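An overview of the molecular structure
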Amino acid sequence: MVGLTNNRSIQDEKLIEAIFQSHHSPDARVSTGPIYGATATNLIIDARPTTNAMANVAKGAGSENMDHYREGRKAYLGIDNIHVMRESLSRVVEALRESDGTTLSALDVGTSDLQTTRPKTSINREALRRSGWLRHLSAILDGTLLIVRNVHVNSSHVLIHCSDGWDRTAQLSSLSQICLDPFYRTIKGFQILIEKDYLSFG
């Protein structure tokens, strides 16, 4: 809720700072350096396109002013909102509906045996390209890779958000957890992940 007046939440700033410092030795903030070779690459991931985040400022919302969030940096991922995603998916479904589907090949000449059924599709690849669906998936996977690298390689923290808890936050969070923790690649773990990130929070 930054808004045009540049509102601040000191409590939020202090909470994020404490989380971002939690990979350091709890004894004292001395020059011994962080534990496990962690580097100060803490990220605040804003899944929205930058223009959307800036436009929300006029509505009284916005995004973090990084002058007030120490030991971190922000990255905009440019993932479109759920309305754009739905429109894109509708175009994919329409392109698939227009495909020929499965046809039977003709009888083999000189025999009465029916040849093997083969799928013969003529998917409109141009319509699929125009749908933007693969571009959306690519943006989500690129964001997931950024998160996974920061947690796994840099041993640092990531805060993920967009606006109003839309799907892209849960998508980034859950895909990152699947990559980082083998437990979420089991049936039980996947069930817990869906319940946790989609049913409870998403």
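Before going into details, it helps to say that this report is about the structure given with it. (Residues numbered from 1 in each chain as written. Predicted model: local features only at pLDDT ≥ 70, side-chain atom pairs only at ≥ 80, totals over all residues. Heavy atoms only, no water.)

**Focus on the packing of helix α3 (residues 82-97) against helix α5 (residues 133-153)**
- As a packed pair, α3 and α5 sit with axes 9 Å apart at the nearest point and diverge in direction by 135°. With respect to their mutual orientation, α3 and α5 come out oblique. Where α3 abuts α5, its residues Val84, Met85, Ser88, Leu89 and Val92 lie against Trp133, His136 and Ile140.
- For the contact of α3 with α5, the per-class residue count stands at six nonpolar, two polar and no charged. (Axes fitted to C-alpha atoms, helices over the stretch in contact; angles between N-to-C directions. Helix = DSSP H or I, 4+ residues; strand = E, 2+ residues; numbered from the N terminus. Parallel < 35°, antiparallel > 145°, perpendicular 65-115°, else oblique. Contact = heavy atoms within 4.5 Å. Nonpolar A, V, L, I, M, F, W, Y, C, P; charged D, E, K, R; others polar.)

**Regarding the pattern of salt bridges**
- If you walk through the whole model with that rule in mind, you get seven salt bridges.
- With a closest N to O distance of 2.7 Å, Arg48 and Asp46 form a salt bridge. Each member of the pair, Arg48 as well as Asp46, carries the same accessibility label: buried.
- Each of Glu126, Arg129 and Arg130 takes part in one network of salt bridges that share partners. (Salt bridge = Lys/Arg side-chain N within 4 Å of Asp/Glu carboxyl O. Buried < 20%, exposed > 50% of the residue type's maximum accessible area, 1.4 Å probe, protein only.)

**With respect to the packing of α5 against helix α6 (residues 167-180)**
- Interhelical geometry of α5 versus α6 gives an angle of 50° and a closest axis separation of 9 Å. With respect to each other, α5 and α6 are oriented oblique. With respect to the hand of their crossing, α5 and α6 are arranged in right-handed fashion. Residue-level inspection shows Ile140, Leu141, Gly143, Thr144, Ile147, Val148, Val151 and His152 of α5 in contact with α6, the latter providing Gln171, Leu172, Leu175, Ser176, Cys179 and Leu180.
- When the residues that make up the contact of α5 with α6 are grouped by side-chain class, the tally is nine nonpolar, five polar and no charged. (Left-handed = near helix turned anticlockwise from the far one by under 90°.)

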